[in-house]
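In case you want the letters, here they are:
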Amino acid sequence: MKKRLIKFLLLTFFISSLLVTVPLSISADEKLDYVALGDSLALGITPTSSTENPPKDGYADYLAHHLNNLKLLNNYTKQYAAAGYKSDDVYQDLVNDVKIPEEFDKVGIRATVAEAEVITISAGANDVLQVVTVNTDTGEVNFDQAQFLLALDQVKQNLTGTISEINTLNPEAQVYLMGYYNPFPYLPDKQKAQLDLALTYLNQTIKQVAVENGATYVSTSEAISKDAKKYLPNPENVHPNTTGYLVLANEFWEDMSLITAKDFTDVPESHFAKKDIEYLYGKNIIRGYGDGTFKPKQKITRAEVSMALYHSVVFDRSTPAEPGFSDLDKSMASYDAIAQLTDERVIDGFPDGTFRSNELLTRDQMAKIIVEAFDLKSTGEEITFSDMPAENHWSYSYIQTLAQNGVTLGYEDGTFKPKKFVTRGQIASFIARAMQLD
């Protein structure tokens, strides 16, 4: 086996602070500028990237595409992101007002940042990937703790300086700092555990900077670790494939709040779905009515829930196949959503070839599409509802999985009511809970 050296960070400390994201001061009808800063992950490099195949499907690209689908995007750029960038590179670019590429960039990074409403940053891993070496053949680990501390302190200082520069240029911008995942899932368990520990402390440093400087920390480690070898298919390459970048994009999307909250006249503070409605409204996933109401008790149609789900999940940029339903037309507002969800096998039509957009959604149908849309997995626990369909019924496993993940609790009388229609308030809670699962 070829000898390979892998470098990582190790340090121990604890951070207990948490950050609450503050929505942007824009309305649902305004558009925003998005800037992605940082290293090769911000650039979107994959194991197959090359001069002939430049990066185009990274987390920033997927986020920009999603914001555009939501009709929220004005401009997007990742021109200031670069492979190999350390936290100091990002900071110095801002201080020195770089222009990239210099012959075409007429405004520079400072003016670009000054106009942005959303800024994402992935920087810090390259600072510490020189500190410790692990020989994957022998298991030998070598590191200097003083160098560890120094590298970590540099990450903290540079990220703090970066956010300070951004806040000076644009105090209203939302800044999102990305935490890192373990890029070596193929290592033996002992070494992988060491990297996981090191990663925890690096991420704590990044999170501390976010908390102390009014930014939002975006965790990615747990999401990637659920199927790390699928997302990182090349043992010799630390970059995810496009599927892995979709996971990262959805982690960012989960933490974003873009639109000023709105108080609906029929959703009081005591309403069970109040926080969930606010959460989804802040992402432009759901809207209210012109009279200032949300109508949480109004039953929701299959077309309406398709649009809400389409806006809740970041999908890739490929054009979905035509769904082929006889009652679906491209002129319909819900067409793109239904086409995407059908292509992803999230939602189905009926045996007669129709979709029935205006038909009301039942709770068993809801269970299926929520589980499929968010790729929820069964925990194996048996959940009992007195009116649960038989085990051989198509909806049984979906209802079980939904309940096992805490997305639904059923009714106080111990029933699930699978054929009862879903309301707007209920679907807001179901989607919000599914989006925020750890």
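Quick notes on the packing of aromatic side chains
The tally for this structure, following the rule as stated, stands at 7 aromatic pairs. Look at Y310 and F315: their rings are 6.4 Å apart centre to centre, the planes differ by 20 degrees, and that puts the pair in the stacked class. According to the relative accessible area criterion, Y310 is buried, its value standing at 13%. An aromatic cluster of three or more residues is present, and its members are F264, Y281 and F294. Lying over the aromatic face of F355, R302 brings its terminal NZ or CZ to 4.3 Å of the ring centre. The ring of Y411 carries K417 above its face, with NZ or CZ at 5.0 Å from the centroid.

Quick look at the packing of helix 3 (residues 87-96) against helix 6 (residues 145-169)
Direction vectors running N to C along helix 3 and helix 6 enclose 30 degrees, while the axes themselves pass 8 Å from each other. On the basis of the axis angle, helix 3 is roughly parallel to helix 6. In terms of crossing hand, the pair formed by helix 3 and helix 6 is left-handed. Packed against helix 3, whose contacting residues are S87, D88, V90, Y91, L94 and V95, the element helix 6 presents Q154, V155, N158, L159, G161, T162, E165, I166 and L169 at the interface.

Things to note about the side chain of K368
Looking at the element boundaries, K368 is found in helix 14 (residues 363-373). For K368, the side chain forms a polar contact with the main-chain oxygen of V346, separated by 3.1 Å. K368 has contacts with R345, V346, I347, D348, W394 and Y398, leaving out every residue within four places of it along the chain.

Some thoughts on the side chain of S429
Residue position: S429 is located in helix 16 (residues 424-435). Assessed through its relative accessible area of 1%, S429 is described here as buried. Ignoring anything within four residues of it in the chain, the contact list for S429 reads F272, A273 and D276.

What to know about the sheet that holds strand 3 (residues 73-77)
Taken together, 5 strands build an open sheet; the order of strands is 3-2-4-7-8 and the sheet is parallel. Looking at which strands have only one partner, the edges of the open sheet turn out to be strand 3 and strand 8 (216-218). Sheet twist, expressed as the average angle between the axes of neighbouring strands with direction ignored, equals 20 degrees. Bridge analysis of strand 4 (residues 118-122) against strand 7 (residues 174-178) gives 4 bridges, and the strand direction is parallel. Following the sheet pairing, T120 is matched in strand 7 by Y176.

Rules used throughout
- Residues numbered from 1 in each chain as written.
- Predicted model: local features only at pLDDT ≥ 70, side-chain atom pairs only at ≥ 80, totals over all residues.
- Heavy atoms only, no water.
- Phe/Tyr/Trp six-rings, centres within 6.5 Å; stacked < 30°, edge-to-face > 60°.
- Buried < 20%, exposed > 50% of the residue type's maximum accessible area, 1.4 Å probe, protein only.
- Lys NZ or Arg CZ within 6 Å of the ring centre and 35° of its normal.
- Axes fitted to C-alpha atoms, helices over the stretch in contact; angles between N-to-C directions.
- Helix = DSSP H or I, 4+ residues; strand = E, 2+ residues; numbered from the N terminus.
- Parallel < 35°, antiparallel > 145°, perpendicular 65-115°, else oblique.
- Left-handed = near helix turned anticlockwise from the far one by under 90°.
- Contact = heavy atoms within 4.5 Å.
- Polar contact = N/O pair within 3.5 Å; in protein donor to acceptor, adjacent residues only side chain to side chain.
- Pairing = 2+ DSSP bridges.

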